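# Structure assessment
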Amino acid sequence: MTTVIRNGRIIDPANKRDEFGELFIVDGKIAAAAKDRDAEVIDAKGLVVAPGVIDLHVHLREPGFGWKETIETGARAAAAGGFTTIVCMPNTSPVADSPGTIAWIRDRAAEVACVNVLPTGAISKGLMGEELAPIGSLQQAGVVAITDDGRCVQNNELMRRAVEYARMVGVPVLDHCQDYNLVGNGVVHEGYWSTLLGLPGWPSAGEEVIVMRNALLAELCDHYVHCQHISATGSVRILREARARGVKISGEVCPHHIALSDDAIQDFDTNFKMNPPLRSKEDIAAIHEGIADGTLEILCSDHAPHAQFEKEVEFDAAPFGILGLETELGLFLDLLVHKNKTIGLPRLIEMFTVNPARLLQIDAGTLSAGRAADVTLIDPELEWTVGASKFQSMSRNTPFDGWKLKGRAVRTIVGGKTVWAL
Ligand SMILES: [Zn+2]
């Protein structure tokens, strides 16, 4: 079985390749050449041929919350967004803190998911922040990282031991940075709008303090700690300083933190409620700077599906989080490449492929011959309108319905097989 992708601009940052040419797929793998005369031909004129993009921050809600999303629907949403590999968070029910649950997720994904699904395991048992999960057994069961995402280990000594164990077994630690005492019951960015609207504030310092803690522990333990969904100016500054000294610390950006600022919460629409919250225009500028200078090196969604009945409550009571998989590539292309010209296309692709693959030490994110043929075809100029009613996801909690965006994935190929096309 041979496929030839013709006339496209091949951008493969792992191999420093950016040129017009042909990409060959033979028996599910990238090939240097192909002889087959009956090859399937895909015309990629006007398209970018990229390594399959990776989203390392996704909530698939299974096991336990199948009314929000399932592994099957979440994977379909990923494919529709261009993603060939997604990394799912452990805040399920049961929590993914045991080899049995990891095995269940991997088996289920192998059965029903049309893209690669890689599980993470919890840092602490039950995400309670009190006792370490069996990190060695989780690694043997196949997790690509450990994280308590949704929650944050407050005990710095416990976190130190987590980073040490993670180093021993060779997985990075991903951290949702939130100091519980500083944040309290905060639901929106602490500032002008929280005061005006009378909503409890979630101060930037609540994130920055933990980013600083993580930088210190990454340095102390000489191991990789990755700060999830960075939202605040100070976090960018701390990461920049630590990385310049060679500390093994990194950060990621979600589209909502640059697409929207905290003034968007005026209507008390719970589709604008996420954790960490939307911040100020100054914070958005700082994140753009951090992306431009490489301080923030990974893009992802924090895809967090919730059913309508759960979000249709008063702002304080609504769960945090919004959908991401089916809008993120469009939002990042539109905002980073077109509107603000923060980075060019090759950098954007690097942030979605080699960079997450390197952090997680996974065999993905490149178009090297011999590797699995995971490929994303992107039309960077295509203008389209977000239509939440047509999402593959089971949920509809997006603030971006009706947005006009420029650029999106038009075909998703996993292991040589097209799993989604526009
Ligand atoms: Zn989180």
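To start, this report covers the structure provided alongside it. (Residues numbered from 1 in each chain as written. Predicted model: local features only at pLDDT ≥ 70, side-chain atom pairs only at ≥ 80, totals over all residues. Heavy atoms only, no water.)

### As for the pairing of strand 16 (residues 375–385)
Two faces belong to every sheet, and in a regular strand the side chains alternate between them. Examined bridge by bridge, strand 5 (residues 48–51) and strand 16 share four bridges and lie antiparallel to one another. Bridge pairing links Val48 to Ile378 in strand 16. Pairing of strand 16 with strand 17 (residues 404–414) involves eight bridges; the strand directions are antiparallel. Considered in strand 17, the bridge of Leu377 is made with Arg411. (Pairing = 2+ DSSP bridges. Helix = DSSP H or I, 4+ residues; strand = E, 2+ residues; numbered from the N terminus.)

### A word on the state of the cysteines
Across all of its chains, the model carries zero disulfides by this definition. Cys227 provides the cysteine sulfur closest to Cys177, a residue in no disulfide bond, and the two sulfurs are 3.9 Å apart. By relative accessible area, which is 3% here, Cys177 ends up buried. The cysteine Cys221 is free of any disulfide, with Cys227 supplying the nearest cysteine sulfur at 14 Å. (Disulfide = S-S within 2.5 Å. Buried < 20%, exposed > 50% of the residue type's maximum accessible area, 1.4 Å probe, protein only.)

### Remarks on the pairing of strand 17
By the criterion of burial, strand 17 is predominantly enclosed, with eight of the eleven residues buried. Where strand 17 lies against strand 18 (residues 417–421), four bridges are found, and the strand directions are antiparallel. By the bridge assignment for strand 18, Thr412 is matched with Trp420. Between the antiparallel neighbours strand 17 and strand 18 lie two residues, among them Gly415 with a positive phi of about 55°.

### Focus: empty space enclosed by the protein
Considering all chains together, one arrives at two cavities of 30 Å³ or more under this definition. The calculated volume of the largest cavity comes to roughly 40 Å³. Ala80, Gly81, Leu325, Glu326, Thr327, Glu328, Leu329, Gly330, Trp384, Arg408 and Ala409 are the residues that line the largest cavity. Elements supplying a minimum of two residues to the lining of the largest cavity: helix 12 (328–339) and strand 17. Examining the composition of the lining of the largest cavity, we find that three residues originate from one element, helix 12, more than from any other. Here the lining of the largest cavity is composed, by residue class, of five nonpolar, three polar and three charged. (1 Å grid on protein atoms, 1.4 Å probe; cavity = no way out; pocket = protein on both sides within 12 Å on 5 of 7 lines; lining within 4 Å. Points joined across faces, edges and corners; volume = space filled by probe spheres on them. Nonpolar A, V, L, I, M, F, W, Y, C, P; charged D, E, K, R; others polar.)

### Here we look at the sheet that holds strand 7 (residues 83–88)
A sheet is described by the order of its strands in space; here three strands give the open sequence 6-7-8, paired in parallel fashion. Each having just a single partner strand, strand 6 (53–58) and strand 8 (116–119) make up the two edges of the open sheet. In this sheet, adjacent strand axes meet at a mean angle of 20° when their direction is disregarded. In this sheet, strand 7 lies alongside strand 6 in parallel orientation, the contact comprising four bridges. When the bridges of strand 7 are listed, Val53 appears paired with Phe83. (Axes fitted to C-alpha atoms, helices over the stretch in contact; angles between N-to-C directions.)

### Here's the deal with unusual backbone geometry
Peptide bonds are trans in most cases, and residues, glycine excluded, mostly fall at negative phi. With an omega of 0°, the peptide bond running from Glu62 to Pro63 counts as cis. Within the secondary structure layout, Pro63 lies in the loop between strand 6 and helix 1 (71–80). Geometrically, the link from Asn275 to Pro276 is a cis peptide bond, its omega value of -5° lying close to zero. You can see Pro276 is positioned in the loop between helix 9 (256–259) and helix 10 (281–292). Of note, Lys16 is a non-glycine position whose phi angle comes to about 50°, a positive value.

### So, helix 13 (residues 345–352)
Buried residues of helix 13: Leu345, Leu348, Ile349, Met351 and Phe352, and no others. Here the buried residues of helix 13 occupy an arc of 160° about the axis, which is enough to place them on one side. (Arc of directions from axis to C-beta.)

### Some thoughts on the pattern of salt bridges
Should the charged atoms of two oppositely charged side chains come close, the side chains can pair. Tallied over the entire structure, the rule returns 20 salt bridges. Linked by salt bridges that have partners in common, Glu219, Glu241 and Arg245 make up one network. (Salt bridge = Lys/Arg side-chain N within 4 Å of Asp/Glu carboxyl O.)

### A word on the coordination of the zinc ion
Those protein atoms acting as donors to the zinc ion are Asp149 (OD), His176 (ND1) and His229 (NE2), and they sit at 2.0 to 2.3 Å. Read from N- to C-terminus, the donor residues coordinating the zinc ion fall into the pattern D-x26-H-x52-H. Taken as a pair, Asp149 in the loop between strand 9 (146–147) and helix 4 (156–169) and His229 in the loop between strand 13 (225–227) and helix 8 (233–244) lie far apart in primary sequence, 80 residues in all. Looking at His229, the relative accessible area reads 1%, which means it is buried. (Donors = N, O, S within 2.8 Å, 3.2 Å for Na, K, Ca; no water.)

### A short note on helix 1
The α-helix advances 3.6 residues per turn, and as a result positions three or four apart in sequence lie on the same side. The buried count for helix 1 comes to eight of ten residues, which makes it a mostly enclosed element. Listed as buried for helix 1 are Ile71, Thr73, Gly74, Ala75, Ala77, Ala78, Ala79 and Ala80. For helix 1, the elements touching its buried residues are strand 7, helix 2 (99–112), strand 8, strand 17 and strand 18. Of the residues one or two after helix 1, Gly82 is the one with positive phi, at around 100°. (Contact = heavy atoms within 4.5 Å.)

### Side note on the sheet that holds strand 13
Sheet strands line up and pair through hydrogen bonds in the backbone, either parallel or antiparallel. Taken together, five strands build an open sheet; the order of strands is 9-10-13-14-15 and the sheet is parallel. Both edges of this open sheet fall to strand 9 and strand 15 (298–299), since each of them pairs with a single strand only. Across two bridges, strand 14 (residues 249–253) lies against strand 15 in parallel orientation. Paired with Val253 across the bridge in strand 15 is Leu299. Here helix 8 sits on the sheet in contact with strand 13 and strand 14, set at roughly 145° to strand 14.

Everything listed is a geometric property; what it means functionally is a separate question.
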